[in-house]
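Structural overview
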Amino acid sequence: MLEVVNLTKSFELHVSQVGKVYPIQGLSFHIRQGRFLGIAGPSGIGKSTILKCIFRTYMPSSGEVWYDSLHEGRVDLAQADDRQMIRLRERELGYVSQFLKVIPRVPAVDIVAERLLPLGWSQDDARREAERMLERLRIPRKLWQAFPATFSGGEQQRVNLARAFIVRPRLMILDEPTASLDRETTSAVIEMLQAMKREGTTMVGIFHDWDVMEQVADEILDITLSGGGTMRPKPAAAGAQAE
Amino acid sequence: MTSSSMNRPSEQHPAFPKSAYNFAFLDEGSKREIRRKTLKAVAIPGYQVPFASRELPIGRGWGTGGLQLTLSLIGRADSVKVIDQGNDDSVNAVSIRKLIEETSGIATTEDAAEATVIQSRHRVPEEKLNGGQILVLQVPQPEPLRHVERKEQITRRLHAEMDYSAIWLTLYESVVKWGSITVGADYPVLVHDRYIMAPSPIPRWDNPKLHQAEHLTLLGAGREKKIYAVPPYTNVVPLQFEDYPFEIEHFVGKSCRRCGSAHTFLDEVTDGETGEILHQCSDTAFCAKTIERRESHVASIQA
Amino acid sequence: MSLPSRLDSQQRQGAAQDAAPDERPILQVRNLNKRFGDGCAHCLPAHVEHPGNRCPRCGSVQACIDLNFDLYPGEILGVVGESGSGKSTMVRSLYFDEDATSGEMFISSCKNGESNLLAESAQQKRYIRNHVMGMVYQNPYLGLRMSYSSSGNIAEKLFAADHFHVGRIRERAAELLGRVEIPLGRMDEPPKRFSGGMQQRVQISKALANNPPLLLLDEVTTGLDLSVQARVLDLIRSLRRELKVAMVVVSHDLGVIRMLADRTMVLRQGRIIEMGLTDQILEDPQHAYTQLLVHSLL
């Protein structure tokens, strides 16, 4: 489903004159259809960089990111043109970051429903589906018409998740989605991730919380200080719970 | 100032002969220039042709555009009629007529049917004009787009590109504000399906008389230095909305207090003694003619 | 900078037709140049960079240099850059407000996308401005007749499209003004009595009057306070969604670009120095200038 070959990402900082920084160097890994890959490693080592290279928020410096698209065949995301990326993002790729970035003063339910409209949903259907999603993520009904900017961090993050999950992407990229959530909501998110996995969604993610990682991940990619990584199966100890 | 310079020139030169003027006041070169521009105006119906407006012994804004057209057109065999708001006897009409008479010596008339050149301000004669006649209208503001666009440079471009939405906008605004198009005089018309033209401040009543007319209509604006024309048998269509059509003035149940006509454009006059509102023909010459014709008809029956 | 000519890109599209048959750009701009001033023999050629792009001899300024880009149906393209980078000149040239010095522009819904619209006659350009494109200016005084009614402002566009039925025109004006949330009771008020945000919304509805497939927005939210700005941004997004209008959004505000644009173009001294997915431009800018611009963001 996703095959990363020799991925290198360097940042050339013209402004601060630090010169080139290489968070990721010669990284290779793959994810099979329907599997969940967790990325592990110490903070600041470039885990998010990998995810952003897949989603093309970062432009990979070299290497290949092969993705088996449903609509467009096998695509190298490192080389795909912008329009193709826009189409893939609309239909197949999902990305959840740590922060919600949306237009202020738009009700939460519309922010979520908005994602369905380019896919041909009617306004009403999209809104109903958005409400279902917010319900599932345990966002109080009274907040549905409120503006997310007024929400707590946890509530904002759940809106963010709802926005990503509602389009049922084939490949879900998760960048610390549970970072600001309380215990109960975290378990709701985990349930949701597991449900999506059962539906066949392929996922790759970073979790600050090792417990969560153990519950959802099938395999773990350890990032080393040199910028490379090694794949290993999920620790057996937590396996029973996730399966 | 010395007292001698206060003396009127005619006292100093008591015998300045009228014959010292060129025929019809303007010199031949000026007349040729005006005729040339007139021909261009006839060739492009509704298009405003700039011309070198001359100085005349009357002030700009008092009919100099129309007068220059008349003076450049007349020959010795012509007969001129001058009308001001339908009236042959107003001071303005009389002065212009006198000027024409004195500088050319040609005949003038009050009968619209007899005249070959009719110079008019604010009216088209009621009598139907024929192919041998020329109607000259005096124009204060030749640019129909002027009140929406002040710059000449831009109005010229708008005409060139047939960009007339601004003038439609003014009609729309009047419908929104007053419930109907309230333009009383100088109602904009589309000439020959091309140029929108200001027909000079004639009442809406007179607009249809320009459409497919037998006569040539020339319009002159002396102050604004423009000549434009409606040749015979040219379409002159007032602007109108599909649901707010152009309408002429109605005089339902009213008739002229003098000739009794109910088919002419009527002016409102107030009786100074009784305060009663009365109506009478705006075209005084036509009114007089109607009365005369009726009286001779009555006389012939009596005879 | 040499970008593929229009022919090349068409051939390339032909090859990619199976994957995405609907991907034909609505707007194609090729080698757009705009010079203010007459130019002279001493003007430096366009590809030579020099400060201010100003010819020391004749004082001519190259405001836009060899701009090339495509815009796809329903897409929002952001244009960022500092003051004087040529952003506004670019959109004004596309809307024929400025006469481009050279270059080509093709719009797919106009003459089958085969005619260079920059070379059309004045009448044709007027038709295109009224039917194919809409423009929203930063200064509403440029886009609106301030003392005429708001509905009249929309009507003016409809007259240009040969609609002369007052009743139907008013229906359409009410529909458009309702869409941008102007109360119907105020549709006959002149825009000069409206607040800045409302004026901008009237301007947007006027630009949309004849359902153009392409909308150009020049700094529309600049100068509005933040809450009003948010409403206008939301309006623009929903218009794109519902009407599938493609838009070029010019702004020096990266926050606005982040919220609206799918792809973003960075202009500097009249040149495109970087173009890509908006989040990529903002988070992983490649060019030194873009980095400076992004890192200046509060």
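Residues numbered from 1 in each chain as written. Chains lettered and ligands numbered in written order. Predicted model: local features only at pLDDT ≥ 70, side-chain atom pairs only at ≥ 80, totals over all residues. Heavy atoms only, no water.

1. Description of the overall build of chain C
What chain C contains, in helices and strands, is 11 helices and 9 strands. In terms of C-alpha radius of gyration, chain C reaches 20 Å, essentially the compact-globule figure of 19 Å for 298 residues. Along the three orthogonal principal directions, the C-alpha set of chain C runs to about 55 × 45 × 45 Å. By residue count, 58% of the 298 residues in chain C fall in the buried class. Of the contacts formed within chain C by residues at least 6 apart in sequence, a portion of 70% connects residues at least 24 apart. Looking at chain C as shown, the accessible area adds up to about 12200 Å², and 49% of this sits on carbon and sulfur atoms. One way to put it: in chain C the 34 positive side-chain charges average out to a point 6 Å from where the 34 negative ones average out. (Helix = DSSP H or I, 4+ residues; strand = E, 2+ residues; numbered from the N terminus. Rg over C-alpha atoms; globule rule 2.2 N^0.38 Å. Buried < 20%, exposed > 50% of the residue type's maximum accessible area, 1.4 Å probe, protein only. Contact = heavy atoms within 4.5 Å. Areas by Shrake-Rupley, 256 points an atom, 1.4 Å probe, with all protein chains shown as cover. Lys, Arg positive; Asp, Glu negative; His and termini not counted. Charge placed at Lys NZ, Arg CZ, Asp CG, Glu CD.)

2. Observations concerning the arrangement of the chains
The highest contact count of any of the 2 pairs of chains in contact belongs to chains A and C. The two units chain A and chain B remain apart, with a minimum C-alpha distance of 35 Å.

3. Some remarks on the domain arrangement of chain C
All names here are of chain C. Taken as a whole, chain C is organised into domain 1 (6-17 + 73-108 + 115-132 + 213-298) and domain 2 (145-211). For domain 1 versus domain 2, the separation of C-alpha centres amounts to 25 Å. Contacts between the two partners involve 19 residues from domain 1, matched on the other side by 15 residues from domain 2. When domain 1 packs against domain 2, close to 1400 Å² is buried across both sides, 60% of that on carbon and sulfur atoms. The largest contributions to the domain 1 side of the interface with domain 2 come from Asn130, Arg231 and Leu235, which together make up 32% of the buried area. Linking domain 1 with domain 2 are 2 salt bridges, by the criterion used here. As a salt-bridge pair, Glu242 and Arg179 come within 3.0 Å of each other at their nearest N and O atoms. The interface formed by domain 1 and domain 2 includes 7 residue pairs in polar contact (both at pLDDT 80 or more). Within the residue set of the side of domain 1 that touches domain 2, elements represented by two or more residues are helix H3 (122-131) and helix H8 (226-243). Of the residues contributing to the side of domain 1 that touches domain 2, the split by class is 12 nonpolar, 3 polar and 4 charged. (Domains from an automatic or database assignment. Buried area = accessible area lost by both parts, 1.4 Å probe. Salt bridge = Lys/Arg side-chain N within 4 Å of Asp/Glu carboxyl O. Polar contact = N/O pair within 3.5 Å; in protein donor to acceptor, adjacent residues only side chain to side chain. Nonpolar A, V, L, I, M, F, W, Y, C, P; charged D, E, K, R; others polar.)

4. Considering the sheet that holds strand E6 (residues 189-191) of chain B
Residues and elements named next belong to chain B. Taken in spatial order, the 3 strands of this open sheet run E7-E6-E10, and their pairing is antiparallel. With partners counted over all chains shown, the strands left at the sheet margins are strand E7 (195-197) and strand E10 (236-238), one partner each. The sheet shows a mean angle of 35 degrees between the axes of neighbouring strands, taken without regard to direction. Pairing between E6 and E10: 3 bridges, direction antiparallel. Its bridge partner being in E10, Leu190 is matched across the sheet by Val237. (Pairing = 2+ DSSP bridges. Axes fitted to C-alpha atoms, helices over the stretch in contact; angles between N-to-C directions.)

5. Points about the interface of chain C and chain B
Chain C puts 21 residues into the contact, and the matching count from chain B is 19 residues. Buried area between chain C and chain B, summed over both chains or domains, comes out near 1800 Å², and the portion from carbon and sulfur atoms is 61%. When the buried area of chain C at its contact with chain B is split by residue, Tyr148, Phe164 and Val166 of chain C rank highest and sum to 35% of it. Across the chain C-chain B interface, the total number found is 2 salt bridges. With a closest N to O distance of 3.1 Å, Asp163 of chain B and Arg126 of chain C form a salt bridge. For the pair chain C and chain B, the interface holds 12 residue pairs in polar contact (both at pLDDT 80 or more). Of all the secondary structure elements, the ones that give two or more residues to the side of chain C that touches chain B are H3, helix H5 (150-160) and helix H6 (166-179) of chain C. If you tally residues by element for the side of chain C that touches chain B, the top one is H5 of chain C, at 7 residues. Residue composition of the side of chain C that touches chain B, by class: 8 nonpolar, 7 polar and 6 charged.

6. Examining the packing of H5 of chain C against helix H7 (residues 196-207) of chain C
In a packed pair of helices, the relevant descriptors are the angle between the two axes and the axis-to-axis distance. Residues and elements named next belong to chain C. Interhelical geometry of H5 versus H7 gives an angle of 25 degrees and a closest axis separation of 9 Å. Comparing their axes, H7 and H5 come out roughly parallel. H7 is crossed by H5, and the crossing has right-handed handedness. Where H5 approaches H7, its residues Ser150, Asn153, Ile154, Glu156 and Lys157 are matched on the opposing element by Val202, Ser205 and Lys206. Along the lines of polarity and charge, the residues of the contact of H5 with H7 split into 2 nonpolar, 3 polar and 3 charged. (Parallel < 35°, antiparallel > 145°, perpendicular 65-115°, else oblique. Left-handed = near helix turned anticlockwise from the far one by under 90°.)

7. As for the environment of Val80 of chain B
On the secondary structure map, Val80 of chain B appears in strand E2 (residues 79-84). Residues Val80 of chain B and Ile106 of chain B lie 26 residues apart in sequence; the distance between their C-alpha atoms is 7.9 Å.

8. Quick notes on the nonpolar core
Counting 114 residues, the largest nonpolar core has Leu193 of chain A, Trp168 and Phe241 of chain B together with Phe159, Ile204 and Met247 of chain C as its most contacted members. Counting residues per element, this core draws most heavily on helix H7 (residues 165-178) of chain B, which supplies 7 residues. Not counting residues within four places of it along the chain, the set of residues in contact with Phe159 of chain C comprises Ser165, Trp168, Leu169, Tyr172 and Phe241 of chain B together with Phe164 and Ile169 of chain C. Core analysis: the second largest hydrophobic core is formed by 36 residues, Phe55, Met85 and Leu171 of chain A together with Leu277 of chain C among them. (Core = buried A, V, L, I, M, F, W, Y, C linked by side-chain atoms within 4.5 Å.)

9. Some points on the layout of surface pockets
Space inside the second largest pocket adds up to approximately 1400 Å³. Lining of the second largest pocket is provided by 38 residues; of these, Arg157 and Asp163 of chain B together with Arg129, Leu142 and Arg145 of chain C occupy positions nearest its centre. Taken together, the elements giving at least two residues each to the lining of the second largest pocket come down to helix H6 (152-160) and H7 of chain B together with H3, strand E5 (133-136), helix H4 (140-143), H5 and H7 of chain C. A per-element tally of the lining of the second largest pocket places H3 of chain C first, with 5 residues. Considering only residue class, the lining of the second largest pocket consists of 15 nonpolar, 6 polar and 17 charged. Domain assignment of the residues forming the lining of the second largest pocket places at least three in each of domain 1 (6-17 + 73-108 + 115-132 + 213-298) and domain 2 (145-211) of chain C. (1 Å grid on protein atoms, 1.4 Å probe; cavity = no way out; pocket = protein on both sides within 12 Å on 5 of 7 lines; lining within 4 Å. Points joined across faces, edges and corners; volume = space filled by probe spheres on them.)

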